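Residue-level listing of the chains:
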Amino acid sequence: MNVSDDIIIIGGGLMGLSLAVELKLRGANVTVLSRNFHEAAGHVAAGMLAPQAEAIPPGPMLELGLRSRSLYPQWTQKLEQITGLDTSYWPCGILAPVYEIPDTTKIDHPADSPAIWLDQQAINQHQPGLGADVVGGWWFPQDAQVDNRRHLVKALQAASEKLGVKTLEGVEVQDIIRNSKAVEALETNRGKITGSQYILTTGAWTGQLLPQVPVYPRKGQMLSVKVPESFDSLPLKQVLFGTEIYVVPRRDGLIVIGATLEDVGFNVGLTPDGVQSLLWRAIRIFPLLRDFPIQEFWWGFRPTTPDLLPILGTSPFENLTLAVGHYRNGILLAPITAKLITEWVLEQKSDPLLEYFCWERFSTAQLQY
Ligand code: GLY
């Protein structure tokens, strides 16, 4: 198979599709190679757009997250216009209750992204029904969410189809054939594929394909419950981001609860310990959940790097670009990644932020290329 004029995106998950749509809108020929659309991390996450609640310290990563969050309204609107589908973007704010009063209740965030401390009385007024152990918390009104599993990935898939992106599902890249400078071709289960440029968006599986790019899996187990029909209105209209737990209400009454953080490689499946810890923490932060009917359990693998920051831009090979390692923030960072990587690939325009996320930060003498 030869698609030599094309930009080949290796990985058909949320990141690959976001990039494909952006590149195609800018006139590029794009082919996406997708091993298994359903195993991508975009299907797993809760869809929080939470650069502030995730307590990312001030610096390039927070800037990247805030920029991406600010792109969300226009980005999702664009996808909705292209497809006619709802993306379910919801600028609902995120409340972060705590069980111990912190040393400081000041957070150094930009003025247009306030972090508002609420004492015990104020937080209970803000959100009735919190657990008795909650002593206060922060309100991040600009943080938001999107229903990634049921809406966003479908809208992205439909947009890429509508725009004419070639997506080859079931194509597994087994080897990247390269010389010392460049990628020459991809060895796949359907034969060799060549393109003019290659972009790697292979998530947690990146290290298996290109060991010199250090990305490995960190597992998360999750579940969902549903607000019983006896409720007249939603008991939660904002995300709760607690200690090792988050509770993400959707507008239709589904509530997503996550997630464990486990270094167990690609060990699939749920565990009693994982599920028990999620249930216990969820009920502690919002006790009403104890009686809500469980809908589903699932798990997935976050693409993790040694410093927990993404790897964006150049690679060891001149015609291969990296967009991997988004760890806990893949849904949040999809629009900014698509924008910056598209500008880099099509115009060689390197946004100043990209230098902080370059793969070279891991390239030491002991790594072999
Ligand atoms: N985005 C939250 C998580 O990865 O669990």
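All values derive from a computational prediction rather than experimental measurement.

This paragraph deals with the nonpolar core. Residues L23, L64 and L152 are the most contacted members of the largest nonpolar core, which totals 45 residues. If you list the elements that add at least two residues to this core, you get β1 (7–10), α1 (14–25), β2 (30–34), α2 (60–83), β8 (144–146), α4 (148–163) and α7 (330–347). Not counting chain neighbours up to four residues away, the residues in contact with L64 comprise P310, L312, L333, I336, L340, L353 and F357.

The next subject is the side chain of E262. Along the chain, E262 turns up in the loop between β17 (254–258) and α6 (272–285). Of the buried charged residues, E262 lacks a salt bridge, with K219 as the closest side chain of opposite charge at 4.6 Å. A polar contact is formed between the side chain of E262 and the side chain of T260, at a distance of 2.5 Å. If near-sequence neighbours (up to four positions away) are discounted, E262 is found in contact with R218, K219 and Q221.

Quick look at the environment of K219 now. The topology assignment puts K219 in strand β14 (residues 216–226). In this structure the C-alpha to C-alpha distance between K219 and G300, which are 81 residues apart in sequence, comes to 5.6 Å. Discounting chain neighbours no more than four positions away, the residues touching K219 are T260, L261, E262, V264, N267, V268, G269, W299, G300, F301 and R302. Here the side chain of K219 touches G269 through a polar contact of 2.5 Å, landing on its backbone oxygen.

Put simply, G258 and A259 share a cis peptide bond, and its omega is -20°. Tracing the sequence through the fold places A259 in the loop between β17 and α6. One non-glycine residue, E244, adopts positive backbone phi at about 55°. In this model, L308 sits at a positive phi of 65°, which is unusual for a non-glycine residue. Assignment of secondary structure puts L308 in the loop between β18 (294–304) and β19 (311–313). Judged by relative accessible area, L308 falls into the partly exposed class, the value being 34%.

The next subject is the UniProt feature "domain: FAD dependent oxidoreductase" (unreviewed entry) in the protein chain. Annotation from UniProt places "domain: FAD dependent oxidoreductase" (unreviewed entry) at residues 6–344. Summarising residues 6–344: 27% helix, 29% strand, and an end-to-end C-alpha distance of 16 Å.

A few words now on the pattern of salt bridges. Taken as a whole and assessed by the stated rule, the structure comprises 17 salt bridges. Across the pair E54 and R328 runs a salt bridge, and its minimum N-O distance is 2.8 Å. Here R328 lies in the loop between β20 (320–324) and α7 and E54 lies in the loop between β3 (48–49) and α2, a separation of 274 residues in the sequence. By sharing partners, the salt bridges in this structure join D147, R150, R250 and D252 into a single network.

Conventions adopted
Along each chain, residues carry numbers from 1 onward, in the same order as the chain's sequence is written. Where local features are concerned, this predicted model is filtered to residues with pLDDT of at least 70; where side-chain atom pairs are given and counted, the filter is 80 or more; whole-chain, interface and lining totals use all residues. With hydrogens and water set aside, each side-chain value is computed from the structure's full complement of heavy atoms. Grouping buried Ala, Val, Leu, Ile, Met, Phe, Trp, Tyr and Cys residues that are joined through side-chain atoms within 4.5 Å yields what is termed a nonpolar core. Under the scheme applied here, a residue whose accessible area is under 20% of the maximum for its type counts as buried, over 50% as exposed, and between as partly exposed, the area being computed with a 1.4 Å probe on protein chains only. Runs of E in the DSSP output that reach at least two residues are strands. Runs of H or I that reach at least four are helices, and both are numbered from the N terminus. By the convention used here, residues are in contact when the closest approach between their heavy atoms is within 4.5 Å. In this tally, Asp and Glu contribute negative charge and Lys and Arg positive charge; neither His nor the terminal groups of the chain are included. The salt bridge definition used is simple: a Lys or Arg side-chain nitrogen within 4 Å of an Asp or Glu carboxyl oxygen. In protein, a polar contact means a hydrogen-donor-capable atom and an acceptor-capable atom, both N or O and within 3.5 Å, with residues adjacent in sequence counting only if both atoms are side-chain atoms; elsewhere, any N or O pair within 3.5 Å suffices. UniProt positions are given in the numbering used here, feature names are shortened, and annotations may be inferred rather than shown by experiment.

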